[in-house]
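The chain contents come next:
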Amino acid sequence: MTMHLSTAPLQPITAPVYDYQLIIRPNEKVRRRLDAARSKAREQMLPFGNWHPGKNHIPVASFSQLASLESRLTNRLETLAKSLPPFRLQVQHYGAILHHTIFFRIAENAGFNQMVRLLHAEKAALTVFNQEPRIASMAKINVAYKLTAVDFENAWHAFKSKRFQLDFIADNMLLLRKRSGETHWQILSALHFENLPIE
């Protein structure tokens, strides 16, 4: 009896991978004040060309992971968040990333820095196929980004001496998810800061 083996090329086995973000979103009152400041900024920046308005949140981390590991990932991040105490963040005027972004500057904060250190310690859990996570090096809320170099120079000259201050308590961060083919981020979980010991 002759056995005929298929000569068709083997198809690669692909596992679904989801994209994730961790963000800190201020309360509604603070978001309204940020919106008002951003709208005023937009009126002042219109002569400087096109711009992309920022969102009212602090980017903390962005990463991808296998869909099959989502439950484990969520549990690890919940445990991490529960170990953190709530902390007060202070918006102090404006800052810039040269040549493309203007943001609301947030003062150096020990609580935020502790959160970043813990996320770096969990880097392996946030890595898939050697694609490492991007973890924030500082806290900021974008006013405008993707400015051209010329528009940035003109806008920053007008903005660098402006004043804007407020503060708010960060008591949680949001875990967002975007599946393949989706265009909008969805809130997967709110991770609350409870200052509990890690078991």
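Residues numbered from 1 in each chain as written. Predicted model: local features only at pLDDT ≥ 70, side-chain atom pairs only at ≥ 80, totals over all residues. Heavy atoms only, no water.

Draft legend 1. Region of interest: the side chain of Asn-56. One can find Asn-56 in the loop between β2 (52-53) and β3 (58-66). At 3.2 Å, the side chain of Asn-56 forms a polar contact with the backbone oxygen of Arg-31. Of note is the side chain of Asn-56, whose polar atom sits 2.7 Å from the side chain of Arg-38. (Helix = DSSP H or I, 4+ residues; strand = E, 2+ residues; numbered from the N terminus. Polar contact = N/O pair within 3.5 Å; in protein donor to acceptor, adjacent residues only side chain to side chain.)

Draft legend 2. Representation of the sheet that holds strand β9 (residues 172-178) within the structure. On the basis of which strands lie adjacent, the open sheet formed by five strands has the order β6-β3-β1-β9-β10 and antiparallel pairing. Single-partner strands in this sheet number two, and they are β6 (134-135) and β10 (186-192). This element, helix α2 (residues 70-82), spans β1 (17-24), β3, β9 and β10 of the sheet and lies at about 35° to β10. Relative to β3, helix α3 (residues 110-121) is tilted by about 15°, and along the sheet it contacts β1, β3, β6 and β9. (Pairing = 2+ DSSP bridges. Contact = heavy atoms within 4.5 Å. Axes fitted to C-alpha atoms, helices over the stretch in contact; angles between N-to-C directions.)

Draft legend 3. Up close: the layout of surface pockets. Taken as a whole, the largest pocket encloses approximately 500 Å³ of empty space. As for the largest pocket, its lining consists of 16 residues, and the residues nearest its centre are Gln-21, His-57, Pro-59, Lys-140 and Asn-142. Those elements that place two or more of their residues in the lining of the largest pocket are β3, β6 and β7 (140-145). No other element matches β3, which puts four residues into the lining of the largest pocket. Considered class by class, the residues forming the lining of the largest pocket number eight nonpolar, five polar and three charged. Lining of the second largest pocket is provided by Gln-21, Ile-23, Arg-25, Lys-55, His-57, Leu-174, Leu-176, Trp-185 and Ile-187. Sorting the residues of the lining of the second largest pocket by element identifies β1 and β9 as the ones contributing at least two each. Grouping the amino acids of the lining of the second largest pocket by side-chain chemistry returns five nonpolar, two polar and two charged. (1 Å grid on protein atoms, 1.4 Å probe; cavity = no way out; pocket = protein on both sides within 12 Å on 5 of 7 lines; lining within 4 Å. Points joined across faces, edges and corners; volume = space filled by probe spheres on them. Nonpolar A, V, L, I, M, F, W, Y, C, P; charged D, E, K, R; others polar.)

Draft legend 4. Spatial organisation of the pattern of salt bridges. All chains considered together, the criterion is met by six salt bridges. For Arg-38, the salt bridge identified is with Asp-35, shortest N-O distance 3.5 Å. With a gap of three residues between them, Arg-38 and Asp-35 both fall in helix α1 (residues 28-45), about one helical turn apart. You can call Asp-35 partly exposed: its relative accessible area is 38%. A salt bridge links Glu-70 to Arg-177, with the nearest nitrogen and oxygen atoms 2.7 Å apart. With Glu-70 in helix α2 and Arg-177 in strand β9, this residue pair connects regions lying 107 residues apart in the sequence. (Salt bridge = Lys/Arg side-chain N within 4 Å of Asp/Glu carboxyl O. Buried < 20%, exposed > 50% of the residue type's maximum accessible area, 1.4 Å probe, protein only.)

Draft legend 5. Expanded view of unusual backbone geometry. Positioned with a positive phi, Lys-146 is a non-glycine residue whose angle comes to about 60°. Within the secondary structure, Lys-146 sits in the loop between β7 and α4 (149-159). Among the residues examined, Lys-146 registers a relative accessible area of 58% and is labelled exposed. Despite not being glycine, Asn-195 has its phi angle at roughly 60°, a positive value.

Draft legend 6. Inspection of the nonpolar core at higher detail. Formed by 50 residues in total, the largest nonpolar core has its most connected members in Leu-22, Ile-24, Phe-112, Met-115 and Leu-119. Beyond its immediate stretch of four places on either side in the chain, Leu-119 contacts Leu-22, Val-60, Ala-61, Leu-77, Leu-80, Leu-126 and Ile-135. (Core = buried A, V, L, I, M, F, W, Y, C linked by side-chain atoms within 4.5 Å.)

Draft legend 7. Expanded view of the pairing of β7. With five of six residues buried, β7 lies mostly within the body of the structure. Relative to β7, strand β5 (residues 101-106) runs antiparallel, the two sharing four bridges. Pairing of Phe-103 across the sheet is with Asn-142, part of β7.

Draft legend 8. Representation of the sheet that holds β7 in the model. One open sheet holds the five strands; their spatial order is β2-β7-β5-β4-β8, and the pairing between them is antiparallel. Whereas interior strands pair on both sides, the edge strands pair on one side only; in this sheet they are β2 and β8 (165-170). Where β2 lies against β7, two bridges are found, and the strand directions are antiparallel. Paired with His-52 across the two strands is Tyr-145, which belongs to β7. With respect to the sheet, α4 is in contact with β4 (87-97) and β5, its orientation differing from that of β4 by roughly 130°.

Remember, this is a structural readout, not a statement about activity or role.
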